[in-house]
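Here's the letter readout for the chains.
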Amino acid sequence: MSFKINDRVTWVGKTDWELRNFHGEEYSTHKGSSYNSYLIRDEKIVLIDTVWKPFAKEFVANLKKEIDLNKIDYIIANHAEVDHSGALPELMKEIPNVPIYCTKNGVKSLKGHYHEDWNFVEVKTGDILDIGKNKLVFIEARMLHWPDSMFTYMTGDNILFSNDAFGQHYASEFMYNDLVDQDELYKEAIKYYANILTPFSPLVIKKIEEVVKLNVPLDMICTSHGIIWRDNPLQIVNKYMEWANKYKENQVTLVYDTMWDATRIMAESIAQGIKNVDPSVNVKLYNSAKTDKNDIITEVFKSKAILVGSSTINKGILSSVASILEMIKGLEFKEKKAAAFGSYGWSGESVKIINEELNKAGFQVIGNGLKELWIPDEEGIKRAIEFGEDLARNI
Ligand code: FEO
């Protein structure tokens, strides 16, 4: 499948309806994804990015239906990660001498992945490739989200080929932002930001400010995953600015795991306490053993405070809580508050361990947390409600 975006640009990527996990098992893709590749027909013929390796043969076969491969003058590799470069080996077998334009780090990454000495051309911010009527302007986007990441802007048609930035893991037959369900689209866009871009937020702000200063017209943002932003493309740029700026909603999220319901009872009682003090706050509860981890991360991203709870097991915490805390630590959330809770039968280390992890993750930890011995009785439930009430007053 391919489709024309305008007279000059054709989408030649792959929609992956079946994808359910990405980055190994690190990112759940409930809605599949797409690997967007674009063919530009100006006086010169340019291919921007390719697709993931499992679809390499299909990609090259489809591309041949679009164009005689020998007519391709330039390949642009905006990003070396295999979901975009994975079809390069198959393609380069056919056209081994075509220059591949990418950043200096892109050369390193592509060589590291494929161990091939292709005809690389290193580019940096501001470099221009004249392709006829239009020009391609390169903008390095280091650490958004890999060292090699780059945007390519096409003058004339005013298209930003942004690669991962502004993308979503979202397969849809309607390839434009104005044609898809807006709730679905933004659910996937914020999940993508929360789970992938959060640690790079200061760089997101800097890069957007840099691009805005260029004061160039923007008619479309062609991402490498999901839909193309053509209806008011600045909407997603503005959203990124909002998300990058220590984003939080009036939400408190409780993430816990429980062995015999004691920690669950604590979670529900704490939630009740929070609501007693502030009925307007959106309190959400997730059992980390039963909920998709990336969906939990998205809820953490939206929260002004989180509570993390675990029973004590073998002087430690339950593995699903340990796993989500590890993810939270890596994402470097800013200006969020947190507290710990958990039940125990004899040794009771869980709350202390969770507090330590939350501190390491950069959260402002409130108090020492709440521990309950065995199953909370009436008094225990009262203590948990009061704990929630105190917490609500502190956030
Ligand atoms: Fe979609 Fe960083 O690759």
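This is a predicted model, so every value here is computed, not measured.

**What about the pairing of strand E22 (residues 337-344)?**
Right, so step 1: Here E22 lies mainly inside the structure; six of its eight residues are buried.
Right, so step 2: In this structure, strand E19 (residues 305-310) lies alongside E22, joined through five bridges in parallel fashion. When the sheet's bridge partners are listed, Leu 307 is paired in E22 with Ala 339.
Right, so step 3: Of the pairings in the sheet, the one linking E22 to strand E24 (residues 370-373) comprises four bridges and is parallel in character.

**Concerning the layout of surface pockets**
Right, so step 1: The space that makes up the largest pocket amounts to roughly 410 Å³.
Right, so step 2: Lining the largest pocket are 25 residues, and of these Leu 160, Ile 208, Val 211, Val 212 and Val 216 lie nearest its centre.
Right, so step 3: In terms of residue count, helix H6 (residues 201-213) provides more of the lining of the largest pocket than any other element does, six residues in total.
Right, so step 4: For the lining of the largest pocket, the per-class residue count stands at 20 nonpolar, three polar and two charged.
Right, so step 5: In this model, the second largest pocket occupies a volume close to 340 Å³.
Right, so step 6: What lines the second largest pocket is a set of 19 residues, and nearest its centre among them are Met 259, Thr 312, Tyr 344, Gly 345 and Trp 346.
Right, so step 7: Here the residues of the lining of the second largest pocket sort into eight nonpolar, nine polar and two charged.

**So, the domain arrangement of the protein chain**
Right, so step 1: What the domain assignment lists for the protein chain is domain 1 (3-244) and domain 2 (254-394).
Right, so step 2: When each unit is reduced to the centre of its C-alpha atoms, the spacing between domain 1 and domain 2 is 39 Å.
Right, so step 3: Taken residue by residue, the interface counts 13 residues in domain 1 and 13 residues in domain 2.
Right, so step 4: Where domain 1 packs against domain 2, one counts one salt bridge.
Right, so step 5: A salt bridge links Lys 191 to Asp 295; the nearest nitrogen and oxygen atoms lie 3.6 Å apart.
Right, so step 6: Of all the secondary structure elements, the ones that give two or more residues to the side of domain 1 that touches domain 2 are strand E5 (27-28) and helix H5 (182-197).
Right, so step 7: The class makeup of the residues in the side of domain 1 that touches domain 2 is six nonpolar, four polar and three charged.

**Considering the environment of Asn 70**
Right, so step 1: Within the element layout of this structure, Asn 70 appears in the loop between helix H1 (56-66) and strand E9 (74-76).
Right, so step 2: Separated by 61 residues in the primary sequence, Asn 70 and Val 9 have C-alpha atoms spaced 18 Å apart.
Right, so step 3: Excluding residues within four positions of it along the chain, Asn 70 makes contact with Glu 94 and Ile 95.

**Observations concerning the nonpolar core**
Right, so step 1: Among the nonpolar cores identified, the biggest contains 89 residues, and Ile 75, Phe 166, Tyr 240 and Trp 243 are the most heavily contacted of them.
Right, so step 2: Looking at this core, the element that brings in the most residues is H5, giving nine residues.
Right, so step 3: The residues that make up this core include at least three from each of domain 1 (3-244) and domain 2 (254-394).
Right, so step 4: Judged by nonpolar contacts, the second largest core, of 25 residues, contains Ile 5, Ile 40, Phe 161 and Cys 222.

**Concerning the sheet that holds strand E15 (residues 159-163)**
Right, so step 1: On the basis of which strands lie adjacent, the open sheet formed by five strands has the order E12-E13-E14-E15-E16 and mixed pairing. Looking at which strands have only one partner, the edges of the open sheet turn out to be strand E12 (128-130) and strand E16 (220-223). With direction set aside, neighbouring strand axes in the sheet form an average angle of 20°.
Right, so step 2: Pairing analysis gives three bridges linking E12 to strand E13 (residues 135-140), with the strands arranged antiparallel.

**Quick notes on the packing of aromatic side chains**
Right, so step 1: Enumeration according to the criterion identifies 19 aromatic pairs in this entry.
Right, so step 2: Ring geometry for Tyr 247 and Phe 301: centres 5.4 Å apart, planes at 25°, overall stacked. Of the two residues, Tyr 247 is situated in the loop between helix H7 (234-244) and strand E17 (251-257) and Phe 301 in helix H9 (residues 293-302); the sequence distance between them amounts to 54 residues.
Right, so step 3: What makes Tyr 247 buried here is its relative accessible area of 12%.
Right, so step 4: Using a relative accessible area of 2% as the deciding quantity, one classes Phe 301 as buried.
Right, so step 5: Counting every residue linked through ring pairs, the aromatic cluster contains Phe 166, Tyr 193, Tyr 240, Trp 243, Tyr 247 and Phe 301.

**Quick look at the side chain of Thr 10**
Right, so step 1: Mapped onto the elements of the fold, Thr 10 is located in strand E2 (residues 9-11).
Right, so step 2: Within the structure, Thr 10 has its side chain in polar contact with the side chain of Arg 41 (distance 3.1 Å).
Right, so step 3: Non-local contacts of Thr 10, meaning those with residues more than four positions away in its chain, are made with Ser 2, Phe 3, Lys 4, Ile 5, Ser 37, Tyr 38, Leu 39, Arg 41 and Glu 66.

**Observations regarding a nonpolar patch on the surface**
Right, so step 1: Residues Met 259, Trp 260, Trp 346, Leu 373, Trp 374 and Ile 375 make up a contiguous nonpolar surface patch of roughly 830 Å² in combined accessible area.
Right, so step 2: Position of Met 259 relative to the elements: it lies in the loop between E17 and helix H8 (262-277).

**Looking at unusual backbone geometry**
Right, so step 1: With omega at 10°, the peptide bond leading from Leu 144 into His 145 counts as cis.
Right, so step 2: Mapped onto the secondary structure, His 145 falls in the loop between E13 and strand E14 (150-154).
Right, so step 3: Despite not being glycine, Met 143 has its phi angle at roughly 65°, a positive value.
Right, so step 4: Looking at where Met 143 falls in the secondary structure, it is placed in the loop between E13 and E14.
Right, so step 5: Exposure remark for Met 143: the relative accessible area of 25% places this residue in the partly exposed category.
Right, so step 6: In this structure, Glu 335 takes a positive phi of about 55° despite not being glycine.
Right, so step 7: For Glu 335, a relative accessible area of 52% corresponds to the exposed category.

Parameters and conventions
- Residues numbered from 1 in each chain as written.
- Predicted model: local features only at pLDDT ≥ 70, side-chain atom pairs only at ≥ 80, totals over all residues.
- Heavy atoms only, no water.
- Buried < 20%, exposed > 50% of the residue type's maximum accessible area, 1.4 Å probe, protein only.
- Helix = DSSP H or I, 4+ residues; strand = E, 2+ residues; numbered from the N terminus.
- Pairing = 2+ DSSP bridges.
- 1 Å grid on protein atoms, 1.4 Å probe; cavity = no way out; pocket = protein on both sides within 12 Å on 5 of 7 lines; lining within 4 Å.
- Points joined across faces, edges and corners; volume = space filled by probe spheres on them.
- Nonpolar A, V, L, I, M, F, W, Y, C, P; charged D, E, K, R; others polar.
- Domains from an automatic or database assignment.
- Contact = heavy atoms within 4.5 Å.
- Salt bridge = Lys/Arg side-chain N within 4 Å of Asp/Glu carboxyl O.
- Core = buried A, V, L, I, M, F, W, Y, C linked by side-chain atoms within 4.5 Å.
- Axes fitted to C-alpha atoms, helices over the stretch in contact; angles between N-to-C directions.
- Phe/Tyr/Trp six-rings, centres within 6.5 Å; stacked < 30°, edge-to-face > 60°.
- Polar contact = N/O pair within 3.5 Å; in protein donor to acceptor, adjacent residues only side chain to side chain.
- Patch = residues over 30% accessible without salt bridge, like charges linked within 9 Å, V, L, I, M, F, W, Y side chains within 5 Å.
- Areas by Shrake-Rupley, 256 points an atom, 1.4 Å probe, with all protein chains shown as cover.

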